[in-house]
Amino acid sequence: MRQNIGLVNSMIRIIAGLTLLSVYTAKLTRKPYKESYILMILMAAMKVAEGIVRYCPMTDLLHKSKEMNDMDLGNIANEGSPFNPS
């Protein structure tokens, strides 16, 4: 797993994730029956983890899809191509 986000981006993700985590944890203590708060807590924890490891799967997916769009589709079926449709 390669790091694909910068240092400033990771710090922003950690700060925003911890802020959201504390807000929704406080809201969950007032209304424990709200299931949407648990989902938001999990999403905030995911942002904190992305900031710590400096890897974002959505950013990686975006870069890979852009690479696929930039490929020359006429050469896909050629011998030795990594994408062989047969």
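An account of the accompanying structure is given in this report.

### Some words on the side chain of Ser10
Link 1 in the chain: Here Ser10 lies in helix α1 (residues 7-30).
Link 2 in the chain: Setting aside residues no more than four positions away along its own chain, Ser10 makes contact with Ile5, Gly51 and Arg54.

### Some words on the environment of Ser10
Link 1 in the chain: Judged by its relative accessible area of 1%, Ser10 is buried.
Link 2 in the chain: Linking Ser10 and Ile52, residues 42 residues apart in sequence, is a C-alpha distance of 6.8 Å.

### Here's the deal with unusual backbone geometry
Link 1 in the chain: Phi angles above zero are rare outside glycine, and Arg54 is one such case at about 60 degrees.
Link 2 in the chain: Mapped onto the fold, Arg54 is located in the loop between α2 (35-53) and α3 (57-70).
Link 3 in the chain: Given a relative accessible area of 23%, Arg54 falls into the partly exposed group.

### Things to note about the pattern of salt bridges
Between side chains of opposite charge, pairing is possible as soon as their charged atoms come close.
Link 1 in the chain: One pass over the full model with this rule turns up three salt bridges.
Link 2 in the chain: As a salt-bridge pair, Asp60 and Lys64 come within 3.8 Å of each other at their nearest N and O atoms. One end of the pair is Asp60 and the other is Lys64, both in helix α3 and four residues apart, which spans about a single turn.

What counts, and at which threshold
- Residues numbered from 1 in each chain as written.
- Predicted model: local features only at pLDDT ≥ 70, side-chain atom pairs only at ≥ 80, totals over all residues.
- Heavy atoms only, no water.
- Helix = DSSP H or I, 4+ residues; strand = E, 2+ residues; numbered from the N terminus.
- Contact = heavy atoms within 4.5 Å.
- Buried < 20%, exposed > 50% of the residue type's maximum accessible area, 1.4 Å probe, protein only.
- Salt bridge = Lys/Arg side-chain N within 4 Å of Asp/Glu carboxyl O.

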